[in-house]
Amino acid sequence: MAPITKDFLKSAGLFCLFLSLQLIIPFLAFGLSQVQVFHGTQFILPGIEGKLLAITVPAMAFSFFIAQLAYILLLHFTGWSRIKLFSGKSANFGFSGMPIFHFVGVFVVMSLGLGLMLQPLKMDDGNSEALLRQLTTNIWGILSVTIVGTLAEELTYRAGILRLSQKHIGNIGAFILSSLLFAIVHGNLQQGVPAFILGFALAYLYVRTEDLRLCWAAHLANNVIALLTIRIPALEHFGDSWSTFQQVGIGALMFVLGAIGLLMKGSLLKKRFGRAKK
């Protein structure tokens, strides 16, 4: 029982540390807002009627970036969740780079399809879009949402909680646990439901390849598309005029095609551009 207790305590510690990070960021941003170099547009907290926080957008964006970067370095150098970007398993998918293009592509297709399927439900986003719009008006916010934040989450939920729990509760149990915690931390249904399903896909990909770069790249691409969606009107309102049948039908088709690509034994691209290493 000792190894099980140790691993589960470590998983719980990772999750609590990740949550603590989210609580620390506003306090760090408040302090930085007093520094002249971080003066700028004030960060608005949706839900507080017309009131402004004494926090600026540049300070909040930089706080997200620096806190997540510090968290990543802490996990890596303490050995809690190491950054392991390559594995022997990933060599089965062709020469370097091809697996990334393949799995990023199929994951994005899955994500877009899932978004269309869930669109008729009009779930509450907990003001996450309003917060994201503000955060990504600054380069530090963009880097945090796309690069640093995605790596922090992959280290926590896939290379951390999933890896620590799978030998005790099995792959399926570990998939569910890591995906559920990944969904909960998003804090709203509109992000939480897709996060659980896509987190399950990322968990499968990580266990199958033990290659964090595939999960990281897929997660990064998904966040980039989310960022583009709120900035480009044509993408933001894509599918809005479709009937519910069209949204669900086309979305389901895209999701299934993406899932098939995820389950493939090898990359389609290796057949065209190279052969698997032996």
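Each remark here, short or long, concerns the structure printed above.
Residues numbered from 1 in each chain as written. Predicted model: local features only at pLDDT ≥ 70, side-chain atom pairs only at ≥ 80, totals over all residues. Heavy atoms only, no water.

A. Region of interest: the nonpolar core. Met60, Tyr71, Leu155, Tyr157, Leu162 and Leu262 are the most contacted members of the largest nonpolar core, which totals 57 residues. If you list the elements that add at least two residues to this core, you get helix H1 (2–32), helix H2 (57–78), helix H3 (98–118), helix H4 (128–135), helix H5 (139–184), helix H6 (189–209), helix H7 (212–231) and helix H9 (244–263). The leading source of residues in this core is H5, at 15 residues. For Met60, the residues in contact, after removing those within four places along its chain, are Ile25, Pro26, Ala29, Phe43, Ile55 and Leu135. (Core = buried A, V, L, I, M, F, W, Y, C linked by side-chain atoms within 4.5 Å. Buried < 20%, exposed > 50% of the residue type's maximum accessible area, 1.4 Å probe, protein only. Helix = DSSP H or I, 4+ residues; strand = E, 2+ residues; numbered from the N terminus. Contact = heavy atoms within 4.5 Å.)

B. Here's a closer look at the environment of Ile66. Structurally, the position occupied by Ile66 is in helix H2. Expressed as a C-alpha distance, the spacing of Ile66 and Val148, which sit 82 residues apart in the sequence, is 9.0 Å.

C. Region of the structure containing the pattern of salt bridges. Here the structure, examined in full by the defined rule, presents 5 salt bridges. Across the salt bridge formed by Arg133 and Glu236, the nearest N and O atoms sit 2.8 Å from each other. You can see Arg133 sitting in helix H4 and its partner Glu236 sitting in helix H8 (residues 233–236), a full 103 residues away along the chain. For Arg133, a relative accessible area of 26% translates into the label partly exposed. Accessibility expressed as a relative area gives 27% for Glu236, which makes it partly exposed. Note that Glu154 is salt-bridged to Arg158, the shortest N-O span being 2.7 Å. Taken together, the positions of Glu154 and Arg158, both in helix H5 and 4 residues apart, correspond to about one turn of that helix. Connected through shared salt-bridge partners, Glu129, Arg133 and Glu236 make up one network. (Salt bridge = Lys/Arg side-chain N within 4 Å of Asp/Glu carboxyl O.)

D. Focus on the packing of H3 against H9. Two elements in contact, H3 and H9, have axes separated by 7 Å at closest approach and are oriented at 155°. By the angle class used here, H3 and H9 are roughly antiparallel. Crossing angle aside, the handedness with which H3 passes H9 is left-handed. Two secondary-structure elements touch here, H3 through His102, Phe103, Val106, Val109, Met110, Leu112, Gly113, Leu114, Leu116 and Met117 and H9 through Gln247, Val248, Ile250, Gly251, Ala252, Met254, Phe255, Gly258, Ala259, Gly261 and Leu262. In terms of residue class, the contact of H3 with H9 is built from 15 nonpolar, 6 polar and no charged. (Axes fitted to C-alpha atoms, helices over the stretch in contact; angles between N-to-C directions. Parallel < 35°, antiparallel > 145°, perpendicular 65-115°, else oblique. Left-handed = near helix turned anticlockwise from the far one by under 90°. Nonpolar A, V, L, I, M, F, W, Y, C, P; charged D, E, K, R; others polar.)

E. Representation of the environment of Val109 in the model. By secondary structure assignment, the location of Val109 is in helix H3. Along the sequence, Val109 and Asn222 sit 113 residues apart, while their C-alpha atoms lie 9.6 Å from each other. Leave out the neighbours within four places in its chain, and Val109 touches Met254, Phe255 and Gly258.

F. Summary view of the environment of Leu177. The topology assignment puts Leu177 in helix H5. Between the C-alpha atoms of Leu177 and Leu162, which are 15 residues apart in sequence, the distance is 7.6 Å. Excluding its chain neighbours within four sequence positions, the residues that come into contact with Leu177 are Phe8, Ile161, Ser165 and Ile169.

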